[in-house]
Amino acid sequence: MNPYETQKLRDEYLLFHFGTAAEVLPYPEGPAEALGFAVRTVTETLPQAPAARALDLGCAVGRSAFELSAFCESVTAIDFSGTFINAARELQSQGALDYLRLEEGAVSTPLVARLPATARPDRVQFETGDATDLRPDLGSFDIVHAANLICRLPEPAKLLKRLPNLVNQGGTLVITTPCTWLGEFTPPEHWPNGPTLQWLKESLAPAFTLTRSLNMPFLIRETARKFQWTVAEASVWTRCKS
Ligand SMILES: C[S@@+](CC[C@H](N)C(=O)[O-])C[C@H]1O[C@@H](n2cnc3c(N)ncnc32)[C@H](O)[C@@H]1O
């Protein structure tokens, strides 16, 4: 079964995207700078100047899409998981969503995910879809954001080939990836044969130039005492004018 369709990961991602600092990390010794990843992939990579259309690929339960909606007139947010898209849509319509934070074994705490005050839910369209087989009438965008998606795709090259048509000339592409290539998601013959950023540069040339790359730590809480601390490589690209 697709792990992203499970209630366990739905709830883990609701906490990851919408949990407060105290809800995610109650230990002063912990890596607080790794909190708020789904917010930071937008705020630390984009100028937040008014934009017309944004696309969030692999949007999960929707936090980055809601962040984009604060300064983009329209945000299309696509994920392969119907469970994640249903959760994002419920937050969009209700402004809040109940979920459980797993503490250990059979112990959970009920929590509520809430939309950020700056979100403009009326500007977001959530849909299920495959980032490597997007509908042909999707159009093009000023901003395309794909956080921690490429190393979860069976054939990431298919998305990289489509990107020049998805980003308007002069527009911005944000890709983050922890470069955790795993056979269960991507057959090894489709992994980059060198460092991921170099592979991205070669695959995206000549349509895109690399503007900036940065390390972006993130923290996923699995239980009260077990966390995944990971450092994503974020890269920001400009679609060249031809
Ligand atoms: C590691 S999560 C990252 C989610 C989110 N962008 C974030 O940074 O928290 C990967 C996401 O990609 C989605 N995904 C996996 N394969 C996909 C595909 N072929 N098309 C669209 N989304 C996909 C998963 O359902 C999941 O929500």
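An account of the accompanying structure is given in this report. (Residues numbered from 1 in each chain as written. Predicted model: local features only at pLDDT ≥ 70, side-chain atom pairs only at ≥ 80, totals over all residues.)

### Some remarks on the nonpolar core
Inclusion rule: Linking buried Ala, Val, Leu, Ile, Met, Phe, Trp, Tyr and Cys residues through C-beta atoms within 7 Å yields a set, and such a set is a nonpolar core. Residues are called buried when their C-beta atom has 20 or more other C-beta atoms within 10 Å, exposed when it has 12 or fewer, and partly exposed otherwise; all C-beta atoms are positioned from the backbone. By definition, residue pairs are in contact when their C-beta atoms, positioned from the backbone, come within 7 Å.
In this structure, Leu 14, Ala 54, Ala 77, Ala 88, Ile 143 and Val 144 are the most contacted members of the largest nonpolar core, which totals 59 residues. Ignoring anything within four residues of it in the chain, the contact list for Val 144 reads Leu 55, Leu 57, Leu 163, Leu 166, Val 167 and Leu 173.

### Quick notes on the sheet that holds strand β8 (residues 208-223)
The strands making up a sheet associate through backbone hydrogen bonding, with each pair oriented either parallel or antiparallel. Our working definition: Pairing between strands is defined by DSSP: at least two bridges between the two strands are required. Working definition: helices are DSSP H or I runs of at least four residues, strands are E runs of at least two. Numbering for both runs from the N terminus. For helices, the axis comes from a line fit to the C-alpha atoms of the stretch in contact; other axes are also lines fit to C-alpha atoms, and the angle between any two N-to-C directions lies between 0 and 180 degrees.
Read from one edge of the open sheet, seven strands run β5-β2-β1-β6-β7-β9-β8, paired in mixed fashion. The open sheet has two free edges, formed respectively by β5 (124-128) and β8, since each of these has just one partner strand. Within the sheet, the average angular offset between the axes of one strand and its neighbour, ignoring direction, is 15°. Sitting on the sheet, helix α5 (residues 82-94) touches β2 (72-79) and β5, and the angle it makes with β5 is about 160°.

### Things to note about unusual backbone geometry
For the bond running from Ala 205 to Pro 206, omega is 0°, close enough to zero to count as cis. For Gln 48, which is not glycine, the phi dihedral falls at a positive 60°. Examined against the element boundaries, Gln 48 turns out to sit in the loop between α3 (37-43) and β1 (51-57). Judged by the 13 C-beta atoms lying within 10 Å of it, Gln 48 is partly exposed. The backbone of Cys 179 sits at a positive phi, close to 55°, despite the residue not being glycine. Here Cys 179 lies in the loop between β7 (167-177) and α7 (196-204).

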